[in-house]
Amino acid sequence: LTGEAGYDEALLNNKPVVVVVENSPAARPQWGLTSSDMVFEMVAEGGISRMLLVYSDLSRLPAKIGPVRSARPYFVDITRGLGAAFIHFGGSIEAYNTLKSINISRMDGMANDGTYFKRDADRLAVTAREHTAYTTKEWVLKAIENKEYRTTLKDGYDNAFSFNIDGNEVLKDGSCVTATVSFSSSYTYTLDYDKQENVYYSSLNGNPFMDSNGTQQNFENIVILYTNISAIAGDTKNRVDFDLNEGHGTYISNGSYETIKWEKGSSTDMLKLYDSEGEELKLNTGRTYIAICDNDREAVNTIS
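Conventions and cut-offs
Residues numbered from 1 in each chain as written. Predicted model: local features only at pLDDT ≥ 70, side-chain atom pairs only at ≥ 80, totals over all residues. Heavy atoms only, no water. Buried < 20%, exposed > 50% of the residue type's maximum accessible area, 1.4 Å probe, protein only. Helix = DSSP H or I, 4+ residues; strand = E, 2+ residues; numbered from the N terminus. Pairing = 2+ DSSP bridges. Salt bridge = Lys/Arg side-chain N within 4 Å of Asp/Glu carboxyl O. Arc of directions from axis to C-beta. Contact = heavy atoms within 4.5 Å. Phe/Tyr/Trp six-rings, centres within 6.5 Å; stacked < 30°, edge-to-face > 60°. Lys NZ or Arg CZ within 6 Å of the ring centre and 35° of its normal. Core = buried A, V, L, I, M, F, W, Y, C linked by side-chain atoms within 4.5 Å.

Trainee: Before we go on, may I ask you to explain the pairing of strand β2 (residues 38-45) in this structure?
Mentor: Every regular strand shows the same layout, with side chains that alternate between the two sheet faces. With eight of eight residues buried, β2 is to be regarded as a mostly interior element. The hairpin turn running from β2 into strand β3 (residues 48-55), its antiparallel successor, is two residues long, and G46 in that turn takes a positive phi close to 55°. As paired strands, β2 and strand β22 (residues 288-294) are joined by four bridges and run parallel to one another. Paired with V39 across the strands is Y289, a residue of β22.

Structural data, given as structure tokens:
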């Protein structure tokens, strides 16, 4: 999931793990925030975003991950499209209806609180209980062993993304040293390019977005995907539904950007990225951030 050299070839068939991590103010700073190969981020309810931390090499799971929060059906769809195992703590009614109807390797804190999940004592002293649950590399590996989950990918789920393994490319539509990604009126990221390190550093609402170890979140690749996000009628928490069929977006890397297309389709289909000519997009090597935004946020997102 990074295209980087130096990995054991056997890892190409590893089944990834996806962890749902919350991003409300009470959840910050998160544990393990800067450790994953990929991060998907999208709104969960009321304009609040959540992240899916994706790990392809389970030996690189951090010592502590969280706060782990509840599932949404579109989180499950993204996970299934990667052929991955799913780690969450609870879920919406729609998410549980989906999870009950499919066969997916998963670890749910509602059923495993106190075994594969625990509560951080320091957080419990200062915030509500729902912001305190975490898991660890040790517990994830133990759960996979105890539950006898498959650890290799099913046929058809390899090569989810393509990479420029011969060297990073400058993208064709222009330069990008700063980009903004807005999920809602209260969640706007600024992504600033560091030419020397060839990464984009992330700030949320004007403040450096830091993990619990004081490391600022950063990525080699930024992918912004636009789609229709609609409110679920009658939902008192303002939860939403995502159209994950197809759309357009922007790819940012190496101080530059280009317009792209994307498609997914059914819940089990892989997310696929294409350039403006319809050819499969090749990402530059490194960690990737994928933001899935409502179409109406495109007008306020910027590239400069």
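Trainee: Explain the pattern of salt bridges to me, please; I cannot follow it from the model alone.
Mentor: Opposite charge on two side chains permits them to pair, given that their charged atoms come into close proximity. Under the definition given, this model contains ten salt bridges. Notably, a salt bridge pairs R60 with D57, separated by 3.7 Å at the nearest N-O pair. Each member of the salt-bridge network shares a partner with another, and the members are E45, R72, D235 and R239.

Trainee: Could you clarify how one ought to interpret helix α5 (residues 137-146) in this entry?
Mentor: Every α-helix carries 3.6 residues per turn, so stepping three or four residues along brings you back to the same face. Listing the buried residues of α5 in full gives W139, V140, A143 and I144. When α5 is viewed along its axis, its buried side chains cluster within an angular range of 135° and face the same direction. The exposed residues of α5 that point more than 90 degrees off its buried face are E138 and E145. Those residues of α5 that are buried lie in contact with β1 (17-22), β4 (85-88), β5 (106-108), β6 (118-119) and β7 (133-134). Just past α5, the residue E148 takes up positive phi, approximately 55°.

Trainee: Looking at this model, I keep getting lost on the environment of K118. Mind explaining?
Mentor: As for its position among the elements, K118 is in strand β6. Put simply, K118 and T132 are 14 residues apart on the chain and 8.1 Å apart in space, counted from C-alpha to C-alpha. For K118, the contacting residues outside a window of four places in its chain are D113, T132, A133, Y134 and W139.

Trainee: How should I be thinking about the packing of aromatic side chains in this particular structure?
Mentor: When we look at a pair of aromatic rings, we describe it by the centre distance and by the angle of the planes. Enumeration over the complete set of coordinates arrives at ten aromatic pairs. A ring pair is formed by F183 and Y189, whose centres lie 6.1 Å apart and whose planes are at 85°; its orientation type is edge-to-face. A residue is classified by how much of its surface remains accessible, and Y189, at 0% relative accessible area, is buried. The ring centre of W31 lies 4.4 Å from the NZ or CZ of K64, which sits over that ring. A cation sits over an aromatic face here: K64 above Y134, 4.4 Å from the ring centre.

Trainee: Sorry if this is basic, but what is going on with helix α1 (residues 73-81) here?
Mentor: In terms of residue burial, α1 counts as a mostly covered element, since nine of its nine residues are buried. Turning to α1, its buried residues number three or more, namely P73, Y74, F75, V76, D77, I78, T79, R80 and G81.

Trainee: For this particular structure, what's the right way to read the nonpolar core?
Mentor: Side chains of a nonpolar character, in soluble globular proteins, are inclined to be buried together. Counting residues in hydrophobic clusters, the biggest one holds 88 residues, and the most contacted among them are F40, F161 and L273. Counting residues per element, this core draws most heavily on β2, at six residues. Excluding residues within four positions of it along the chain, L273 makes contact with F161, V223, L225, I260, K261, W262, E279, E280, L281 and L283.

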